[in-house]
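# An overview of the molecular structure
Spelled out, the chains give:
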Amino acid sequence: MSNTPLSLTELEQRNDFIGRHIGPDENEMQVMLDTIDAESLDALIQETVPAGILLPEPLKVGEGATEVDALAELKAVAKKNKINRSFIGMGYYDTHVPNVILRNVLENPGWYTAYTPYQPEIAQGRLEAILNFQQLTIDLTGLELASASLLDEATAAAEAMALSKRVSKNRKASLYFIADDVHPQTRDVVETRAEMFGFGIITGPAEEAAEHDVFGALLQYPTTTGEIKDISAIIAAVQAKKGIVSVAADLMSLVLLRSPGEMGADVVFGSAQRFGVPMGYGGPHAAFFATRDAYKRSLPGRIIGVSKDTRGRPALRMALQTREQHIRREKANSNICTAQVLLANMASFYAVYHGPQGLRTIAQRIHRFADIFARALAVKEVGTLHNTYFDTITVQTDNKQAILDAAYAKGINLRADLENAVGVSFDETTTRQDIEQLLDVFLSEGHGLSVEKLDAEVTTQAIESIPNDLQRTSDFLTHEVFNQYHSETEMLRYIKSLENKDLALNHSMISLGSCTMKLNATAEMIPVTWPEFGGLHPFAPLDQAAGYQEMISELSDWLINITGYDNLSMQPNSGAQGEYAGLLAIQRYHESRGEGHRNVCLIPSSAHGTNPASAQMVSLKVVVVNCDSDGNVDLNDLRAKAEEVGDNLSCAMITYPSTHGVYEKTAREICDIIHQHGGQVYMDGANMNAQVGITSPGFIGSDVSHLNLHKTFCIPHGGGGPGMGPIGVKSHLAPFLPNHTVVNVDTAGEQCGAVSAAPWGSASILPISYMYIKMMGSAGLRKATEVAILNANYVAKKLSGHFEVLYTGANGRVAHECIIDLRPLKEASGVTEMDVAKRLNDYGFHAPTMSFPVAGTLMIEPTESEALYELDRFCEAMISIREEIAKVESGEWDATDNPLHNAPHTLADICDSDWNRSYDRNTAAYPVEAVARNKFWPTVNRIDDVYGDRNLVCSCPDLDSYRDIAE
Ligand SMILES: *Cc1c(COP(=O)(O)O)cnc(C)c1O
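Rules and cut-offs
Residues numbered from 1 in each chain as written. Predicted model: local features only at pLDDT ≥ 70, side-chain atom pairs only at ≥ 80, totals over all residues. Heavy atoms only, no water. UniProt positions renumbered as here; feature names shortened; annotations may be inferred. Helix = DSSP H or I, 4+ residues; strand = E, 2+ residues; numbered from the N terminus. Buried < 20%, exposed > 50% of the residue type's maximum accessible area, 1.4 Å probe, protein only. Pairing = 2+ DSSP bridges. Contact = heavy atoms within 4.5 Å. Axes fitted to C-alpha atoms, helices over the stretch in contact; angles between N-to-C directions. Near = heavy atom within 4 Å. Polar contact = N/O pair within 3.5 Å; in protein donor to acceptor, adjacent residues only side chain to side chain. Areas by Shrake-Rupley, 256 points an atom, 1.4 Å probe, with all protein chains shown as cover. Nonpolar A, V, L, I, M, F, W, Y, C, P; charged D, E, K, R; others polar. Salt bridge = Lys/Arg side-chain N within 4 Å of Asp/Glu carboxyl O. Disulfide = S-S within 2.5 Å. Phe/Tyr/Trp six-rings, centres within 6.5 Å; stacked < 30°, edge-to-face > 60°. Lys NZ or Arg CZ within 6 Å of the ring centre and 35° of its normal. Patch = residues over 30% accessible without salt bridge, like charges linked within 9 Å, V, L, I, M, F, W, Y side chains within 5 Å. Lys, Arg positive; Asp, Glu negative; His and termini not counted. Charge placed at Lys NZ, Arg CZ, Asp CG, Glu CD. Arc of directions from axis to C-beta.

An unreviewed UniProt entry lists the protein chain under the name Glycine dehydrogenase (decarboxylating), with Alteromonas sediminis as the source organism. As stated in UniProt under Function (unreviewed entry), the record for the protein chain gives "The glycine cleavage system catalyzes the degradation of glycine. The P protein binds the alpha-amino group of glycine through its pyridoxal phosphate cofactor; CO(2) is released and the remaining methylamine moiety is then transferred to the lipoamide cofactor of the H protein." Taken verbatim from the UniProt record of the protein chain, the Sequence similarities (unreviewed entry) comment is "Belongs to the GcvP family."

Right under this line is the structure:
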């Protein structure tokens, strides 16, 4: 350290953030470089990354800014958004996020940095919160089975259509009916999806649904313009002709309404946004999805189920996983992977906090405002579209623009996309003052009406705006959990008690390969809950969203520079959605050239399951390309298969660096071969953490990629979502980027349908990636990639004397992750990769990615954010576990009576009065000294997967059934 005094300018230029984001400091890096025998970081990159793909020049995303400056700059941008009072509705409503949930869930790394609960023994907290979400869905929809969240209402509708096709007994039908009173963005997304599946779409009045030979029908309740009608006859008529009926529903309205399930619906879905999740210019929000028990194997997305642990206690886990893309690939129900767990948890906590009575009060208040407003219009003889409604009044007018303008002048937004009508939707935040302002907008001056008087008239007139036979009579949320935590003290403790059960990044490193669990810096998270970003409706006039548009446009430019592409779409709201959008662009491009017959997609055997699942969604045939013994795509096989399919080649989907964790030398050649055959190259961008600033998909020669902003660009995983999956494309694919029927997206193609409900996807989490790039700058981003590679090579080196590192590239180096092979150990000792994963819990770690892309292995990705101390702690745990395996192998420990087989160990084990195992309690719980200093206790023992799938329970069990299991 030098003591020469620095000038003010020099001091000001010191950017601490890069050093905060990147774990190891310069001294630690030197230690690590020495360990792996590399001269310098630069030399390591030269040895690791093939020379031909190294970027010739640095990124152009500017210099890194300090946290203080970046926050100030973004705040100035955010202030350009104008937050009007929103009455637009259409699936997005203002809501009061309960502060106890805002601070203790949305703003709490214990909740937002957790991973998808694949290791359920250290995830019982969020599993319980999601189970509550499923119960909430089941109770309000009136159906039997619910999933753990989908991406948004419109994509859930598309999933409902796909499910209908799978389960309908009307096998020959290829037509699908959409009622004309479904939200326009929902229709848009479903129509796009239908076109790619080759389904025909019929639209018309809901009453005509059964007049067509369809495999299914989509209705909405209440309708997009607010009407409530009895749909049971329509449902029955469609079902009589073997069609499956799906109903898009508003969750809040269902508090007061007879449920679609009770009216016979097969599927009910919608958005849970207004249960305490900000509108955020379109997301992220959780979609709910419920269906009949009979269709459980066809349900898209994850399901949480109740099972039991080895002590016979009830324990939660993800159920029926063999339906999902990880296993079934192109035969999967859906390509959905990342969902919306954090937001589903928020919605479920909202229901827990308010309880059935609180929700009834909220819903009744919303409905009362609608009644009062409707009464005023009736008194003044202003025409409305419907006499029945929950929260939405659609007002007829010949003077639409004048009304909209009068409203804008008062800071009010109304629904503007209807012909000769405007929509007014009320929500939890509506006040008397709002109604007074609306009356001034809609009625001529001096109308003389008062809210007080109108309210009294609503009572005396006994207006039946919810028809008697459509009032809810069934109970809901009767489980204890929804009736117990209504004081803030109790709620705070409930949230905390669940958080304590879960291992997240605020406890220890989560080295999940392919998932890039890096730092989600607090400065990146802070803007997410600024009201300037949270309060905007996605269909607000563009001039009110100037701040968002500026932020999105700047972020797009940066990502374009980073990926080496020409254009970008922010619409896809997960990686898998990005894959779908990218393949859609490829197919539309082929069609535009008269080559729409190209229908084969080549995918290496090492690909992530979403790749083939997405290919199936655009009706591509998947042909698998082999990998060679080094884990590389087998070029000869690729060439042969490309030749074989010839003219029918649509594209190849490749991952770079490969899922095997090496920089293949042949990436450019792969692109060339595919292009020679007239195909396009889709590069899965999940591994961008090994590319940023060093190489890029566009530079390597691919045509389109998605980026997982929730991996490389610091959006936290939220326990299984949210995420963002924007796609970058070369200019020839730009005309085929998704547009939106309600809001024109200026960077999109003219005639392309939407892939998500909102025009810019989950816009409110984009500030996270924006802040990351802003604070790191060009040099910081490159450094992050270099250190990610250094950290992975360090871990590989430290473990290599103890485990076999499966694949290495040039000079024995790995990329940003490495795979260790446990198969030989299993062979010798009987200890499985599952035992190792669970034993890591005892050491306070989340397991690495298991058995992907190779069964019987662990894939470790430390990321650049982990410092040497934590890497060493992890390696110490792994090496100690290796020694434990040796004891089993040698017979010193019994094959089953050993800490690996019995892992994870709980306090119940340690406190058990008859401890009768061949190893002591200390070995069980404190296997190395570092553990004792910061012990994490798994709250349940190993969970029985088979039992859980055989005895599927996906709702909150009543207390009696807990007793049954315990006996
Ligand atoms: C994570 C991942 C995906 C899927 O992304 P989601 O956001 O979960 O949909 C696709 N491919 C690879 C290689 C991934 O790691």
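Let's shift gears to unusual backbone geometry. Note that the residue after Tyr-656, namely Pro-657, is joined by a cis bond; omega there is -10°. Here Pro-657 lies in the loop between strand 17 (649–655) and helix 24 (667–676). Cis geometry is adopted by the peptide bond preceding Pro-853, which originates at Phe-852 and carries an omega value of 0°. Examined against the element boundaries, Pro-853 turns out to sit in the loop between strand 23 (849–850) and strand 24 (857–860). For Asn-420, which is not glycine, the phi dihedral falls at a positive 50°. Within the secondary structure layout, Asn-420 lies in the loop between strand 12 (412–414) and strand 13 (421–425). A positive phi angle, close to 55°, is found at Ser-851, a residue other than glycine. In this structure, Ser-851 sits in the loop between strand 23 and strand 24. Overall, the relative accessible area of 27% leaves Ser-851 in the partly exposed class.

Our next topic: the UniProt feature "domain: Glycine cleavage system P-protein N-terminal" (unreviewed entry) in the protein chain. Listed under "domain: Glycine cleavage system P-protein N-terminal" (unreviewed entry) in the UniProt record, and renumbered for this structure, are residues 20–442 and 464–742. The span residues 20–442 carries 39% helix and 15% strand; its end-to-end C-alpha distance comes to 54 Å. For residues 464–742, helix accounts for 32% and strand for 11%, while the C-alpha atoms at its two ends are 32 Å apart.

Strand order in the open sheet made by the seven strands is 2-8-7-6-5-3-4, with mixed pairing throughout. With partners counted over all chains shown, the strands left at the sheet margins are strand 2 (145–146) and strand 4 (200–204), one partner each. Examined bridge by bridge, strand 3 (residues 175–179) and strand 4 share five bridges and lie parallel to one another. Paired with Tyr-176 across the bridge in strand 4 is Ile-201. The strands that helix 8 (residues 124–141) touches are strand 2, strand 7 (267–271) and strand 8 (287–291); relative to strand 8, the one it contacts most, it runs at about 60°. This element, helix 9 (residues 153–167), spans strand 3, strand 5 (216–221), strand 6 (244–249), strand 7 and strand 8 of the sheet and lies at about 165° to strand 7.

Here we come to the site of the ligand. Looking at the ligand, there are 14 residues lining it, with Thr-338, Ser-514, Asp-684, His-710 and Lys-711 nearest. Here an oxygen atom of the ligand sits 2.6 Å away from a polar atom, N or O, in the side chain of Ser-514. His-710 is positioned with one of its side-chain polar atoms (N or O) 2.7 Å from an oxygen atom of the ligand. A total of 380 Å² of accessible area belongs to the ligand in isolation, and the protein chains cover 98% of it. Partitioned by chemical class, the residues of the shell around the ligand number three nonpolar, eight polar and three charged.

What follows is about the side chain of Gln-680. Looking at the element boundaries, Gln-680 is found in strand 18 (residues 680–684). A relative accessible area of 5% places Gln-680 in the buried class. A polar contact of 2.8 Å, which involves the side chain of Gln-680, links it to the side chain of His-732. If sequence neighbours within four positions are ignored, Gln-680 has contacts with Ile-586, Tyr-589, His-590, Ser-650, Cys-651, Ala-652, Ile-674, His-675, Asp-703, His-732 and Leu-733.

Right, let's talk about the pattern of salt bridges for a bit. Counted under the stated rule, the structure contains 48 salt bridges. Across the pair Arg-317 and Asp-949 runs a salt bridge, and its minimum N-O distance is 3.2 Å. One end of the pair, Arg-317, is in strand 10 (residues 314–319); the other, Asp-949, is in helix 33 (residues 945–950), with 632 residues separating them in the sequence. For Arg-317, a relative accessible area of 3% translates into the label buried. One connected set of salt bridges, linked through shared partners, spans Asp-181, Glu-207, Glu-227 and Lys-229.

Below, the discussion takes up the side chain of Thr-186. Within the fold, Thr-186 resides in helix 10 (residues 184–197). Taking relative accessible area as the criterion, Thr-186 reaches 1% and is therefore assigned buried. Not counting chain neighbours up to four residues away, the residues in contact with Thr-186 comprise Glu-153, Ala-154, Ala-157 and Leu-218.

Burial analysis of strand 8 places five of its five residues in the buried class, the great majority of the element. With burial as the criterion, each face of strand 8 is covered, one bearing Ala-287, Phe-289 and Thr-291 and the other bearing Phe-288 and Ala-290. Across two bridges, strand 2 lies against strand 8 in antiparallel orientation. If you follow Ala-146 over to strand 8, its bridge partner there is Ala-290.

Our focus in this paragraph is the sheet that holds strand 15 (residues 600–604). Sheet architecture is open: seven strands sit in the order 14-20-19-18-17-15-16, paired in mixed fashion. Of all the strands in the sheet, the pair left with one neighbour each is strand 14 (567–569) and strand 16 (621–625). Looking at each pair of strands side by side, their axes are set apart by 25° on average, direction ignored. Of the strand pairs in this sheet, strand 17 and strand 18 are connected by five bridges, and their pairing is parallel. Paired with Thr-655 across the bridge in strand 18 is Asp-684. Lying over the sheet, helix 23 (residues 635–645) contacts strand 15, strand 16 and strand 17, oriented at roughly 150° with respect to strand 16. Here helix 24 sits on the sheet in contact with strand 15, strand 17 and strand 18, set at roughly 145° to strand 18.

This part is about the UniProt feature "modified residue: N6-(pyridoxal phosphate)lysine" (unreviewed entry) in the protein chain. Under the local residue numbering, the UniProt record ascribes the feature "modified residue: N6-(pyridoxal phosphate)lysine" (unreviewed entry) to Lys-711. Tracing the backbone through its elements, the reader meets Lys-711 in the loop between strand 19 (704–706) and strand 20 (727–729). Dropping the residues within four chain positions of it, Lys-711 is found in contact with Ser-514, Cys-515, Thr-516, Lys-518, Ala-686 and His-717.

Tallying each qualifying case throughout the model produces zero disulfides. Of all cysteine sulfurs in the structure, the one in Cys-515 sits closest to Cys-337, which takes part in no disulfide; the separation is 7.7 Å. Unpaired in terms of disulfides, Cys-714 finds its nearest cysteine sulfur in Cys-515, a separation of 15 Å.

Across all of its chains, the model carries 25 aromatic pairs by this definition. With a centroid separation of 5.7 Å and an interplanar angle of 80°, the aromatic rings of Tyr-92 and Phe-539 are classed as edge-to-face. Placement of Tyr-92 in the loop between strand 1 (85–87) and helix 6 (99–106) and of Phe-539 in the loop between helix 19 (531–534) and helix 20 (546–563) is noted, with a sequence separation of 447 residues between them. Comparing Tyr-92 with Phe-539 shows no difference in burial state: the two are buried. Taken together through their ring pairs, the aromatic side chains of Tyr-281, Trp-530, Phe-533, Tyr-548 and Trp-760 make up a single cluster. Between Arg-274 and the ring centre of Tyr-93, over which it is positioned, the NZ or CZ distance is 3.7 Å. Sitting above the plane of the Phe-699 ring, Arg-668 keeps its charged end 4.8 Å from the centroid.

A surface patch of like charges, here positive, comprises Lys-169, Arg-171, Lys-172 and Lys-242. With respect to the helices and strands, Lys-172 occurs in the loop between helix 9 and strand 3. Lys-172 sits in the exposed class, given a relative accessible area of 68%.

Time to look at the environment of Arg-782. Within the secondary structure, Arg-782 sits in helix 26 (residues 766–800). Taking the C-alpha atoms as reference points, Arg-782 and Tyr-93, separated by 689 residues in sequence, lie 41 Å from one another. At a separation of 3.2 Å, a polar atom in the side chain of Arg-782 contacts the main-chain carbonyl oxygen of Gly-693.

Turning to helix 16 (residues 451–461), its buried residues are Val-451, Leu-454, Glu-457 and Val-458. Taken around the axis of helix 16, the buried residues stretch over an arc of 120°, which confines them to a single face. In helix 16, the exposed positions that point more than 90 degrees away from the buried face belong to Glu-452, Lys-453, Thr-459 and Thr-460. On its buried face, helix 16 sits against helix 13 (341–379) and helix 15 (432–442). After helix 16 finishes, the residue Ala-462 shows a positive phi value of roughly 45°.

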